[in-house]
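Here is what each chain is made of, one letter per residue.
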Amino acid sequence: PHRASRRPWTAGERDRPMGLFGGTKGRAAKRASEAATKPAPAPRPKPAPSPPAAPPLAPPKPPPPHTDSSSSSNRAPSAPKPALVSPSASANGSPRDSPKTSRRTPGPHLSGLREASKDLKSIVSDTPSPRHDPDVFQSPQESHLHLVQSLKPGEGVYIAAAPSSHSEEAFHRCTVTKVAKTAVSVTLPSGEKKSVPPLEVLPAGSWQPKLSETHDLCALPSLNEATVLAALQHRFSEQAIYTWIANLLVSLNPCQPRDELYGMSAMREFASRDLNKSPPHLYAIAEAAYRGATTESMLYPRSHQAVVVSGESGAGKSVAVKLLSEYLAWRVTRQMDGNDEVRQVGMDVGRVLLLCRPVLEAFGNSTTAHNHNSSRFCKFVSIGMVGGQFDAVTIATYLLERSRIVHHDPATERNFHVFYWLLQAGRPEEMELLPDKASKGHFAYLGGGRAAAETAAETAAAADKMEELRDALAAIGVPAEEQPGLFTLVAAVLQLGNIAFLGDASSGGSRVQYDEPLRLAAQGLGVDPGLLAKYLTNRPVVDRAQRSMEGLDSATEDNDLLKLLSPVEAARCRDSLAKAVYGHLFQWLGRRM
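Moving on, we get to the sheet that holds strand S1 (residues 156-160). If you trace the five strands from one edge of the open sheet to the other, you get S4-S3-S2-S1-S5, paired in antiparallel fashion. Looking at strand neighbours, the two that pair on one side only are strand S4 (193-196) and strand S5 (202-205), the edges of this open sheet. Strand-to-strand, the axes of this sheet are offset by a mean angle of 45 degrees, without reference to chain direction. Here five bridges tie S1 to strand S2 (residues 171-179), and the two strands are oriented antiparallel to one another. The residue bridging Val 157 from the neighbouring strand is Cys 174, located in S2. With respect to the sheet, helix H4 (residues 140-149) is in contact with S2, strand S3 (184-187) and S5, its orientation differing from that of S5 by roughly 45 degrees.

See below:
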């Protein structure tokens, strides 16, 4: 743009040498030639000399220091201040005859305002700024150090237990003996004295956990990890397993039945309670969610509610969801109004909500090293409500641990419950693919020879679980005549695990070692045994063009180009098939719910 905005070059300018930045030398030569031909400018007349400037004014004296009226009588009167007069003012001192640049003499009211402002500045300067206040605008580390430095001898603190100690407690309560900037001296419960860095000290003061004062952890005088654990441990020792943290509920697994905390009497109590004064309980969470979804008020308008249940394995999440569902189903039936059709729909939805749990537990739960009924999947339960009644329930399952089907440690863990219940309490029509008197030791996916033998208690419990599972399947839409086919598919997965492979020296690939597991697995899957063996020991090779033109399924079925698999690769293919079949079965059950 700069080059385009210039005037056109003349012939002489075009022949000049160009500079580095677009003709710098040419422009410099032009300026030199114009300066040589241009006449010199006439000299300017010198201005008349100005009169000498007046000497600068002396700065005014600082005002006397401020004193109160009681001491003003003993002080000598100060000399009057000289008036500030402009050097260009007239002789009589009239400011009106002075130019606009002259400074006017301040009046007595202006002088008083200046003195008052100076006094105010001195007072403000003596007041510390809030950002330098030790109790304001501090980092968590600075605040903790300030709190530790304020400790006094005799107060209680918590320090972390040594990792090598055999104590079950994570923190020890100690007594402060001396506080320094670099260390805090404490006395352990055993009488041992120890010096601890300030950052490792958790103050507790004179606080001691009490059952009546620790139902809400937000009310603790010193809120830190040690006091929270001490309060929870004290409540657990007093048979209190629920604790509030504001509107969050902390639930500790009692590892034993606590039937006195639940039931119809407890439900009626929480249904009529004031939520702001209710004790910590799962029913209080369920009641708050129900009222938030059905009750309209000025302070709390009706809106969507969500209850998130989280925790580590064995914390009691499955039981918590069961108790919440039972309370919501009872609460809806308590408020049922209207015609019989609406009431019946609400009762059916509530019954399905409760009966989904046995199905999900049978096909998605297993025994782990920490929990005998651990959920190995995630679920999302959506409940639709209209007028305080159930309208629909949707259950979405995801992240099923399919790897547990083919691999787990039989010494401490087990496969999914439905495999063991079917072996111990299955009906003859449900066990067509299983041998007589079959046990978990007969199947590789259940541990084989390393699996422990069943006990009489496990067999009796399995019979009750299977009856509950059949009723739950019928409630979610799987009738009794379809249930044998469902369990036949489960048995087919077990038979897939018993298919073994050997190396084939003639072809360089692999072959099936035993025909009976292959036949039973193919029968359960509804395919030809030869076709199943073909695709377990060979992998079709399909080029990209054929796949795009004919589709993957048709191209794989009609393709004669196969890649031989080794015994290890064939076993991986078998395991992948078993995981895929069981995963699709679990998803199908979720859709039926």
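We are not done yet, so read on.
Here helix H13 (residues 483-497) crosses helix H14 (residues 515-525) at 150 degrees, and the two axes come no closer than 8 Å. It follows that H13 is roughly antiparallel to H14 by the angle criterion. Remark: the crossing between H13 and H14 carries left-handed chirality. Contacts between H13 and H14 pair Thr 488, Leu 489, Ala 492, Gln 495 and Leu 496 from the former with Pro 517, Leu 520, Ala 521, Gly 524 and Leu 525 from the latter. Per-class residue counts for the contact of H13 with H14 are seven nonpolar, three polar and no charged.

What the rule picks out here adds up to eight aromatic pairs. Relative to Tyr 582, the ring of Phe 363 has its centre 6.5 Å away and its plane inclined at 35 degrees; by these criteria the two rings are tilted. Pair noted here: Phe 363 is in helix H9 (residues 340-364) and Tyr 582 is in helix H18 (residues 567-592), with a separation of 219 residues, a long-range link. Of the two residues, Phe 363 and Tyr 582, neither departs from the other in class, the shared state being buried. Through a chain of ring-to-ring contacts, three or more aromatic side chains come together here, namely Tyr 262, Phe 270, Tyr 283, Tyr 327 and Trp 330. Against the face of Phe 270 rests Arg 273, its NZ or CZ located 6.0 Å from the ring centre. Over the ring of Tyr 420 we find Arg 414, and its NZ or CZ is 3.9 Å from the ring centre.

Okay, helix H8 (residues 317-334) next. A rise of 1.5 Å per residue sets the reference length of H8, with its 18 residues, at 26 Å; its end C-alpha atoms lie 26 Å apart and thus fit the reference within 8%. Of all the residues in H8, the buried ones are Ser 318, Ala 320, Leu 323, Leu 324, Ser 325, Tyr 327, Leu 328, Ala 329, Trp 330, Arg 331 and Val 332.

What follows is about the pairing of S4. Here is the key point about a regular strand: its side chains alternate between the two faces of the sheet. With four bridges connecting them, S3 and S4 associate as antiparallel partners. Within S4, the residue paired with Val 186 across the bridge is Lys 194. Connecting S3 to the antiparallel partner S4 that follows it, the hairpin turn spans five residues, and Gly 191 within it adopts a positive phi of roughly 95 degrees.

This part is about the environment of Cys 378. Counting through the fold element by element, Cys 378 comes out in strand S10 (residues 378-386). When its relative accessible area of 33% is taken as the criterion, Cys 378 is described as partly exposed. Put simply, Cys 378 and Ala 396 are 18 residues apart on the chain and 8.4 Å apart in space, counted from C-alpha to C-alpha. Leaving out residues up to four positions away in the same chain, Cys 378 has contacts with Ala 396, Thr 397, Tyr 398 and Leu 399.

Criteria and thresholds
- Along each chain, numbering runs from 1 in the same order as the chain's sequence is written.
- Reporting of local features is limited, given that this is a predicted model, to residues whose pLDDT is at least 70; pairs of side-chain atoms are given and counted only at 80 or more, and all residues count toward the totals for whole chains, interfaces and linings.
- Hydrogens and water molecules were not included; the side-chain quantities draw on all heavy atoms of the structure.
- What makes two strands pair is DSSP finding at least two bridges between them.
- Put simply, DSSP H or I for four residues or longer makes a helix, DSSP E for two residues or longer makes a strand, and each gets a number counted from the N terminus.
- Helix axes are fitted to C-alpha atoms over the stretch in contact, other axes to C-alpha atoms as well, and angles between N-to-C directions run from 0 to 180 degrees.
- The contact criterion used is simple: two residues touch if any of their non-hydrogen atoms lie within 4.5 Å.
- The cut-offs work like this: below 35 degrees is roughly parallel, past 145 is roughly antiparallel, 65 to 115 is roughly perpendicular, and the gaps in between are oblique.
- Handedness of each helix crossing follows the sense of rotation of the near helix against the far helix: counterclockwise by less than a right angle gives left-handed, clockwise gives right-handed.
- When residue character is reported, Ala, Val, Leu, Ile, Met, Phe, Trp, Tyr, Cys and Pro are called nonpolar, Asp, Glu, Lys and Arg charged, and the others, Gly included, polar.
- Note on ring pairs: Phe, Tyr and Trp rings are taken, using the six-membered ring of Trp, and paired if centres are within 6.5 Å. Classes follow the plane angle, with under 30 degrees stacked, over 60 edge-to-face and the rest tilted.
- Note on exposure labels: buried denotes an accessible area under 20% of the residue type's maximum, exposed denotes more than 50%, and partly exposed covers the range between, all computed with a 1.4 Å probe on protein chains only.
- We count a charge as sitting over a ring when the NZ of a lysine or the CZ of an arginine lies within 6 Å of the ring centre and within 35 degrees of the ring normal.
- Take the residue count of a helix, subtract one, and multiply by 1.5 Å to get its expected span.

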